[in-house]
Amino acid sequence: MDSSQITGLILAGGRGTRMGTVDKGLQLFRDAPMALHVLMRLSPQVGYIMINANQNIAPYEAFGVPVWQDEMQGFAGPLAGLQTGLIHCETDYLVTSPCDSPFLPKDLVERLADGLEQNNADIAVAVTGTGGTKQAHPVFCLVKASLLPHLTLYLQEGGRKFDKWYSSLAVAEVHFDDEDAFRNINTLDDLRKYETTA
């Protein structure tokens, strides 16, 4: 898969309630906003990149990439962000990452793309662990842009759960050994904890 045919989407549209209703993506981490760390890691892996945000639009626009607000009203969650990304996606594929995961793998897109192609899937999802510790990370996914009507219908019917949405699709689970790469910084305590740790 040609990376120029993949658009990256940083999901920064949440309320940040676990961090005291602050905008997580704009919280400083190692001297830069968290979303900027994600941008710097994801942008070399894709042809285009954009941000989904529902507040503080101007600071995100200062990163120099397009910023889109949810088409759906009311902070409807990451699937609403994905839908917005698909509406504005001009490539065949869209890959997502949350704004609070500054350690995301530098080969995330390449491996998700391989998994999607090898399994002839609609969506590739990152997975860590095995057996009882297996965990899917659906906000790290690569999807076909053609899934927009399917997702829109699910949202219109009241669906909000990522895993329930893609349960009816052909899914490729792509295993990553480094669980820490998918660590997300949800609280101010996490922010302080990981400020100095690798």
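Residues numbered from 1 in each chain as written. Predicted model: local features only at pLDDT ≥ 70, side-chain atom pairs only at ≥ 80, totals over all residues. Heavy atoms only, no water.

Draft legend 1. Fine view of the nonpolar core. Residues Ile10, Ile51, Tyr60, Val95, Leu112 and Leu142 are the most contacted members of the largest nonpolar core, which totals 36 residues. If one sorts the elements of this core by residue count, helix H4 (residues 108-118) sits on top with five residues. One finds Leu9, Val143, Ala145 and Tyr166 within the second-largest nonpolar core, a separate group that totals 21 residues. (Core = buried A, V, L, I, M, F, W, Y, C linked by side-chain atoms within 4.5 Å. Buried < 20%, exposed > 50% of the residue type's maximum accessible area, 1.4 Å probe, protein only. Helix = DSSP H or I, 4+ residues; strand = E, 2+ residues; numbered from the N terminus.)

Draft legend 2. Structural view of the packing of aromatic side chains. Under the criterion given, the structure shown has seven aromatic pairs. A centroid spacing of 5.9 Å and a plane angle of 85° characterise the contact between Tyr60 and Phe63, whose relative ring orientation is edge-to-face. No difference in accessibility class separates Tyr60 from Phe63, as the two residues are buried. Of the aromatic side chains, those joined through ring pairs into one cluster are Phe29, Phe103 and Tyr194. Against the face of Phe176 rests Arg111, its NZ or CZ located 4.2 Å from the ring centre. (Phe/Tyr/Trp six-rings, centres within 6.5 Å; stacked < 30°, edge-to-face > 60°. Lys NZ or Arg CZ within 6 Å of the ring centre and 35° of its normal.)

Draft legend 3. Seen up close, the sheet that holds strand S4 (residues 48-53). Reading across the sheet, the seven strands line up as S5-S4-S1-S6-S8-S7-S9 and stay open at both edges, with mixed pairing between neighbours. In the strand order of this sheet, the two ends are held by strand S5 (67-68) and strand S9 (171-175), each with one partner. Where strand S1 (residues 6-12) lies against strand S6 (residues 93-98), six bridges are found, and the strand directions are parallel. Note that in S6 the partner of Ile6 across the bridge is Tyr93. Sheet strands touched by H4: S1, S6, strand S7 (123-128), strand S8 (135-144) and S9. Its angle to S8, the strand with the most contacts, is close to 75°. (Pairing = 2+ DSSP bridges. Contact = heavy atoms within 4.5 Å. Axes fitted to C-alpha atoms, helices over the stretch in contact; angles between N-to-C directions.)

Draft legend 4. Just the packing of helix H3 (residues 78-88) against helix H5 (residues 148-156), in detail. At their nearest, the axes of H3 and H5 sit 10 Å apart, and the two run at 145° to each other. As H3 packs across H5, the resulting crossing turns out to be left-handed. Where H3 abuts H5, its residues Leu79, Ala80, Leu82, Gln83, Leu86 and Ile87 lie against Leu148, Leu151, Thr152, Tyr154 and Leu155. Among the residues forming the contact of H3 with H5, the class breakdown is nine nonpolar, two polar and no charged. (Left-handed = near helix turned anticlockwise from the far one by under 90°. Nonpolar A, V, L, I, M, F, W, Y, C, P; charged D, E, K, R; others polar.)

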